[in-house]
Amino acid sequence: MAKKTKRMKKPLKIFLIVLASILAIVLGYLAYVFISYDRIDDNVVLTADVEGAPSNEEVQVGTEYTIVTYNIGYGAYTSDYSFFMDGGKSSWAKSEEDLKTNIDNIGNVLKDIDADFVVLQEVDTDGTRSYHYNEYQHLREMLGSGNYIFAQNFHSAFLMYPILEPHGKNNSGIVTATEFQIDNAIRRQLPISTSFSKVLDLDRCYSITRIPVNDGKMLCIYNMHISAYGADDSIREGQINMLFEDMCKDYEQGNYVICGGDYNHNLRETDNGNAPDWAQLFPREKIPAGFSLAFEKAYSQDTALDTCRNTDIPYEEGKTFTVMVDGFIVSDNVAVTTYENTDIGFKYSDHNPVVMSFILG
């Protein structure tokens with residue numbers, strides 16, 4: 001009987017050792033994630049990366065210019081892609097070859113648009129999910145001569161989820177580009193959740209790029225990507241309030257303000273039904289006096305199509321949930337001549353570009 005008891009204790013001992021080892025690994029990993037957690041400082045001065053020989057001219061009052069905003073989805077979101085955090089399957093781009101091909105396609109779309117000002121989101125510089133390919137550098141080389149402002153808005157420890165394709169360690173940011181002279185640029189740190197979900201929302205920010213105008217004022221281009229995951233209503237409200245406060249300061253100084261990007265809110269007046277949490281109606285009542293949603297003041301606009309698709313399933317026209325979350329807010333001293341949600345069928349990203357023409361003064 002004693003020998004039988006000893007034989008029973010041995011498997012139990014092995015089981016407890018294995019369980020303790022697994023627990024130690026899990027606790028060690030959680031400690032690593034939180035010890036390595038840090039946020040970039042607020043009010044960081046940004047320096048332009050220069051490609052070729054930009055014109056470095058001033059922007060002219062009374063001249064028509066174009067600007068494009070495009071969330072490129074770190075080059076992974078081809079139309080057949082679904083994302084794990086939306087209930088889909090994937091975390092990485094399908095392959096390194098597919099990623100590079102897709103970034104080339106995105107670069108060609110931007111070259112065809114040929115805007116005077118380019119505002120991009122989710123541009124990776126070094127990420128597990130994007131095979132450590134420097135998308136920012138490649139797009140600079142493709143687009144050619146210009147001043148490029150990069151603001152990092154995501155840098156994570158190695159995230160082990162999902163287990164079979166861990167999201168890994170990623171560095172990503174927002175990019176503002178133009179051939180015109182840049183006087184200064186700054187990175188503003190946005191408030192984010194303080195709960196565990198903060199590890200999914202590093203390091204949310206917006207950038208302000210100030211470009212001289214020939215009347216002595218500045219064209220202030222804000223590049224914004226509001227939180228989608230891990231943010232409750234109070235966080236989103238805090239982010240929007242902070243953004244508008246800065247925009248008002250620039251406007252009160254007589255400057256021209258254009259804010260472009262991914263607002264992660266439905267910019268239309270009404271909900272199109274069954275919206276996921278990240279696509280709630282934009283709080284229009286918070287738009288300050290002197291500012292407007294640009295498409296609503298455009299002389300000519302085409303916003304019939306939405307700019308973003310949900311990624312719970314591969315894109316299927318008429319079935320996949322879509323919403324207009326990308327666009328521009330402008331100050332009243334910016335005249336919007338044309339505004340278009342482009343139609344590229346979500347081929348290269350879960351977003352389509354938005355193109356706007358405008359005149360200052």
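Note that the structure is predicted; figures quoted are calculated from it, not measured. (Residues numbered from 1 in each chain as written. Predicted model: local features only at pLDDT ≥ 70, side-chain atom pairs only at ≥ 80, totals over all residues. Heavy atoms only, no water.)

1. A look at the sheet that holds strand β10 (residues 256–262)
Point 1. With mixed pairing, seven strands are arranged side by side in an open sheet as β1-β7-β8-β9-β10-β15-β11. The sheet is open, and its two edges are formed by β1 (44–45) and β11 (291–293), each paired on a single side.
Point 2. Here three bridges tie β11 to strand β15 (residues 326–331), and the two strands are oriented antiparallel to one another. Paired with F291 across the strands is S331, a residue of β15. (Pairing = 2+ DSSP bridges. Helix = DSSP H or I, 4+ residues; strand = E, 2+ residues; numbered from the N terminus.)

2. Remarks on the sheet that holds strand β2 (residues 49–51)
Point 1. What the eight strands build is an open sheet, ordered β2-β5-β6-β4-β3-β17-β16-β12; its pairing is mixed. Each end of this open sheet is capped by a strand with a single partner; those strands are β2 and β12 (300–302). Averaged over all neighbouring strand pairs, the angle between strand axes comes to 30°, with direction disregarded.
Point 2. For strand β3 (residues 64–71) and strand β4 (residues 117–127), the ladder comprises five bridges, and the chain directions are parallel. Across the sheet, the residue bridging to N71 is Q121, located in β4.
Point 3. In the packing of helix α2 (residues 96–113) onto the sheet, the strands contacted are β3, β4 and β17 (354–360), and the crossing angle to β3 comes to about 165°. (Axes fitted to C-alpha atoms, helices over the stretch in contact; angles between N-to-C directions. Contact = heavy atoms within 4.5 Å.)

3. Structural notes on helix α3 (residues 135–143)
Point 1. Buried within α3 we find E135, Y136, H138, L139, R140 and M142.
Point 2. Tucked inside the fold, the buried residues of α3 contact β2, α2, β4, β5 (146–155) and β6 (170–178).
Point 3. Measuring from the side-chain oxygen of the N-cap residue of α3 to the backbone nitrogen of Y136 gives 3.3 Å; that N-cap residue is N134.
Point 4. G144 lies just past α3 and shows a positive phi near 80°. (Buried < 20%, exposed > 50% of the residue type's maximum accessible area, 1.4 Å probe, protein only. Polar contact = N/O pair within 3.5 Å; in protein donor to acceptor, adjacent residues only side chain to side chain.)

4. Focus on the nonpolar core
Point 1. Counting residues in each nonpolar core, the largest one holds 56 residues, and the members touching the most others are F117, L219, M356 and F358.
Point 2. Membership of the second largest hydrophobic core comes to 29 residues, among which are V68, L99, A115 and A177. (Core = buried A, V, L, I, M, F, W, Y, C linked by side-chain atoms within 4.5 Å.)

5. Digging into the state of the cysteines
Point 1. Under the definition given, this model contains zero disulfides.
Point 2. Counting only cysteine sulfurs, C259 is the nearest neighbor of C220, a cysteine outside any disulfide, at a range of 11 Å.
Point 3. Judged by its relative accessible area of 0%, C220 is buried.
Point 4. Among the residues examined, C259 registers a relative accessible area of 0% and is labelled buried. (Disulfide = S-S within 2.5 Å.)

That's the geometry; what it means functionally is another story.
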